[in-house]
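Structure at a glance
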Amino acid sequence: MTAEMMNQEDANPMSIGAGQVANLDELVLRILQRLVQSTTRSEGSDGYADIELNEMLRRACRAAHQAGLHAEQLLILLKDAWTRVPITTRHQGRDMDAAFERLVTLSIDEFYKVE
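Here's what I pulled together on the structure shown here. (Residues numbered from 1 in each chain as written. Predicted model: local features only at pLDDT ≥ 70, side-chain atom pairs only at ≥ 80, totals over all residues. Heavy atoms only, no water.)

1. Looking at the nonpolar core
Ranked by internal contacts, the top residues of the largest apolar core, which has 30 residues, are Leu24, Val28, Ile31, Leu32, Trp82 and Leu103. Those elements that provide at least two residues to this core are helix H2 (18-41), helix H3 (51-66), helix H4 (71-84) and helix H6 (94-114). When sequence neighbours within four positions are dropped, the list of residues in contact with leucine 32 reads Leu78, Ala81, Trp82, Val85, Phe100 and Leu103. (Core = buried A, V, L, I, M, F, W, Y, C linked by side-chain atoms within 4.5 Å. Buried < 20%, exposed > 50% of the residue type's maximum accessible area, 1.4 Å probe, protein only. Helix = DSSP H or I, 4+ residues; strand = E, 2+ residues; numbered from the N terminus. Contact = heavy atoms within 4.5 Å.)

This is the structure:
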């Protein structure tokens, strides 16, 4: 499900603008790019100690709250964006899989911290 589809299907049109969801989608893509860079740069790292990545995630959670999204909708954006990461990057082994799983967990934790 793309940000556009989510905006049409799940959003209350009074609270979520298409621009807000599109901006959030762009931020999510940048988060995933940073995750890939962090993970490939530090073999065996899952990006957890990456301060910039954590701050980007915090901003995405705030933006999701401001857009009126639920945690599940943010996860849909993350997973949808992950499918747009080149397959050769996504399948570099367990390190990348573990990093994405950790990012999902951090996203949930951060989403509820921001409330």
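Structure shown, so let's carry the discussion forward.
2. Digging into the side chain of aspartate 25
Tracing the backbone shows aspartate 25 in helix H2. Among the polar contacts made by the side chain of aspartate 25, one reaches the side chain of arginine 84 at a distance of 3.0 Å. (Polar contact = N/O pair within 3.5 Å; in protein donor to acceptor, adjacent residues only side chain to side chain.)

3. Digging into the pattern of salt bridges
Counted according to the given criterion, the structure contains six salt bridges. A salt bridge links arginine 84 to aspartate 25, with the nearest nitrogen and oxygen atoms 3.0 Å apart. Taken as a pair, arginine 84 in helix H4 and aspartate 25 in helix H2 lie far apart in primary sequence, 59 residues in all. For arginine 84, a relative accessible area of 40% corresponds to the partly exposed category. Each of the salt bridges in this network shares a partner with another, and the network as a whole consists of Glu55, Arg58, Arg62 and Glu110. (Salt bridge = Lys/Arg side-chain N within 4 Å of Asp/Glu carboxyl O.)

4. With respect to the packing of aromatic side chains
Tallied over the entire structure, the rule returns two aromatic pairs. Geometrically, the ring pair formed by tryptophan 82 and phenylalanine 100 is stacked, given 4.5 Å between the ring centres and 15° between the ring planes. With tryptophan 82 in helix H4 and phenylalanine 100 in helix H6, this residue pair connects regions lying 18 residues apart in the sequence. We classify tryptophan 82 as buried; its relative accessible area is 10%. Classification of phenylalanine 100 by relative accessible area gives buried; the value is 10%. (Phe/Tyr/Trp six-rings, centres within 6.5 Å; stacked < 30°, edge-to-face > 60°.)

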